[in-house]
Amino acid sequence: MRMDDYRESDNIEDRRGGGGVGVGGVGIGGVILALVVSYFTGINPMTLLGIIEQTPIAHQQAPAAHKPPANDESARFVSKVLASTEDVWTETFRQNGQRYEAPKLVLFTGATPTACGTGQTAMGPFYCPGDHKVYIDLAFYRELKERFHAPGEFAQAYVVAHEVGHHIQNLLGIADKVHRARQQAGKAEGNALSVRMELQADCLAGVWGKRTDTMKKVLEPGDLEAALTAATAIGDDRLQQQAQGRIVPESFTHGTSEQRVRWFKRGFDSGDMNQCNTFKAASL
């Protein structure tokens, strides 16, 4: 990606090196329990950790945040990607007569308090609607490259854009509607709603990719393929096959590799967020 001349976002909170927050009374066993239960139920693992800890979320105090060091290339790249999402969605919302409120992006190591409970590196990048913040441990990018075989800057940018997609769903009230529907739904139906939510975020990430390239010409040969490789690598079917040697479709919460690629490409090819209504799609 050609991001050298792109500005850096002012909405970065770097909590690395500030001590973070330990797992407290949870312990590693509690973390594993939360992740396992989350995998099979679709419940936010941060919520589960908060329950296990029995610690009021409001009493957790985040470490002091600061700007990333000037020589931290990975952090600067993420900051530029976030800035590009701000530019794209500010203009897109303006065209629709709305005002875009940009999220904060928090860099952390190990664990950190959030309005959704304690965030853990093991959860991967995530968005917390309670505080309008995206959280990421940059070590995830190493895992994306080594474990999921999805290297490349555009693959990394896609991860940020996907989480910002969840922020957009929150701003538009989609997240609240899905949350209420899931509370009244059975397990399988709730998982199906989660899949549609995640695929819509993939589509919105595609819209961002198209629009930021139109605005700044940032993509280079092979960049799109890198994002598609990342989308393929983190499909529920691929991850389940790797983890347990079998695929259980009714437990999917993010969509298959094919679905994630399809919806990202739909957003990228159209550049139109109105093409991302996965909730009305007869077929995913």
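Here is what the cut-offs are and how they apply
Residues numbered from 1 in each chain as written. Predicted model: local features only at pLDDT ≥ 70, side-chain atom pairs only at ≥ 80, totals over all residues. Heavy atoms only, no water. Helix = DSSP H or I, 4+ residues; strand = E, 2+ residues; numbered from the N terminus. Buried < 20%, exposed > 50% of the residue type's maximum accessible area, 1.4 Å probe, protein only. Areas by Shrake-Rupley, 256 points an atom, 1.4 Å probe, with all protein chains shown as cover. Disulfide = S-S within 2.5 Å. Phe/Tyr/Trp six-rings, centres within 6.5 Å; stacked < 30°, edge-to-face > 60°. Core = buried A, V, L, I, M, F, W, Y, C linked by side-chain atoms within 4.5 Å. Contact = heavy atoms within 4.5 Å. Polar contact = N/O pair within 3.5 Å; in protein donor to acceptor, adjacent residues only side chain to side chain. Axes fitted to C-alpha atoms, helices over the stretch in contact; angles between N-to-C directions. Parallel < 35°, antiparallel > 145°, perpendicular 65-115°, else oblique. Left-handed = near helix turned anticlockwise from the far one by under 90°. Nonpolar A, V, L, I, M, F, W, Y, C, P; charged D, E, K, R; others polar. Salt bridge = Lys/Arg side-chain N within 4 Å of Asp/Glu carboxyl O.

Asker: What should I look at first to understand the overall build of the protein chain in this one?
Answerer: When helices and strands are counted, the protein chain shows 10 helices and 6 strands. Each of the 284 residues in the protein chain was classed as buried or not, and the buried ones make up 51%. As presented, the protein chain carries roughly 13,400 Å² of accessible surface, and 51% of it is formed by carbon and sulfur atoms.

Asker: Help me understand the state of the cysteines in this model?
Answerer: A covalent bond between the sulfur atoms of two cysteines is referred to as a disulfide. If you walk through the whole model with that rule in mind, you get 2 disulfides. Paired through a disulfide, Cys116 and Cys128 show a sulfur-sulfur distance of 2.0 Å. Taking the sign of the S-S torsion, about 95 degrees here, the bridge from Cys116 to Cys128 comes out right-handed. Placement of the pair is Cys116 in the loop between strand E3 (111–114) and strand E4 (117–120) and Cys128 in strand E5 (residues 126–128), with a sequence separation of 12 residues. One exposure class covers both Cys116 and Cys128, and it is buried. For Cys203, the disulfide goes to Cys276, at an S-S distance of 2.0 Å. Residues Cys203 and Cys276 are joined through a disulfide that is left-handed, its torsion about the S-S bond being -75 degrees. A residue pair is termed long-range when its members are at least 10 positions apart, and Cys203 in helix H7 (residues 187–216) and Cys276 in the segment after helix H10 (257–270) qualify at 73 residues. Taken individually, Cys203 and Cys276 each receive the classification buried, so the pair is uniform in this respect.

Asker: Can you help me understand the environment of Pro221 in this one?
Answerer: Tracing the backbone through its elements, the reader meets Pro221 in the loop between H7 and helix H8 (223–233). Sequence spacing of Pro221 and Met1 is 220 residues, and the spatial spacing of their C-alpha atoms is 8.9 Å.

Asker: Any chance you could explain the packing of aromatic side chains here in plain terms?
Answerer: Given two aromatic rings, one states the distance between the centres and the angle between the planes to describe the pair. The full count for this structure, using the stated rule, is 9 aromatic pairs. With centroids separated by 6.3 Å and ring planes inclined at 55 degrees, the aromatic side chains of Phe140 and Tyr141 adopt a geometry described as tilted. The burial state of Phe140 is the same as that of Tyr141; both residues are buried. Here a set of aromatic residues connected by ring pairs shows up, and it is made of Phe154, Tyr158, Trp208, Phe264 and Phe268.

Asker: Looking at this structure, I do not really get the nonpolar core. What am I missing?
Answerer: Side chains of a nonpolar character, in soluble globular proteins, are inclined to be buried together. Counting 59 residues, the largest nonpolar core has Met1, Trp89, Leu105, Tyr141, Tyr158 and Trp208 as its most contacted members. When sequence neighbours within four positions are dropped, the list of residues in contact with Trp89 reads Tyr100, Val164, Ile168, Leu204, Val207, Trp208 and Met273. Grouped together as the second largest cluster of nonpolar side chains are 7 residues, Phe108, Cys116, Phe126 and Tyr135 included.

Asker: It is not clear to me how the side chain of Asp72 should be interpreted in this structure. Could you clarify?
Answerer: When you line up the elements, Asp72 lands in the loop between helix H2 (45–53) and helix H3 (73–95). Among the polar contacts made by the side chain of Asp72, one reaches the main-chain amide nitrogen of Ser74 at a distance of 3.4 Å.

Asker: What am I meant to see in the packing of helix H5 (residues 153–171) against H8 here?
Answerer: Between two packed helices, both the angle of their axes relative to each other and the distance between the axes serve to describe the pair. Direction vectors running N to C along H5 and H8 enclose 55 degrees, while the axes themselves pass 7 Å from each other. On the basis of their axis angle, the class for H5 and H8 is oblique. Taken as a pair, H5 and H8 cross one another with a handedness that is right-handed. Counted together, Phe154, Ala155 and Tyr158 of H5 and Asp223, Leu224, Ala226, Ala227, Ala230 and Ala231 of H8 form the full contact between these two elements. Here the contact of H5 with H8 is built from residues that sort into 8 nonpolar, no polar and 1 charged.

Asker: What is the right way to read the pattern of salt bridges from this model?
Answerer: Where charged atoms from two side chains of opposite charge approach closely, those side chains can pair. Using the criterion set out here, one finds 14 salt bridges in the structure. Overlapping salt bridges, with partners in common, bring together Arg7, Glu86 and Asp87 in one network.

Asker: Explain unusual backbone geometry here, please?
Answerer: In terms of backbone geometry, most residues other than glycine have negative phi values and most peptide bonds are trans. Look at His149: it is not a glycine, yet its phi comes out positive at around 55 degrees. Looking at the secondary structure, you find His149 in the loop between helix H4 (139–146) and H5. On the basis of relative accessibility, which here comes to 57%, the residue His149 falls in the exposed class. The phi torsion at Lys217 lies on the positive side, around 55 degrees, for a residue other than glycine. For Lys217, a relative accessible area of 53% puts it in the exposed group.

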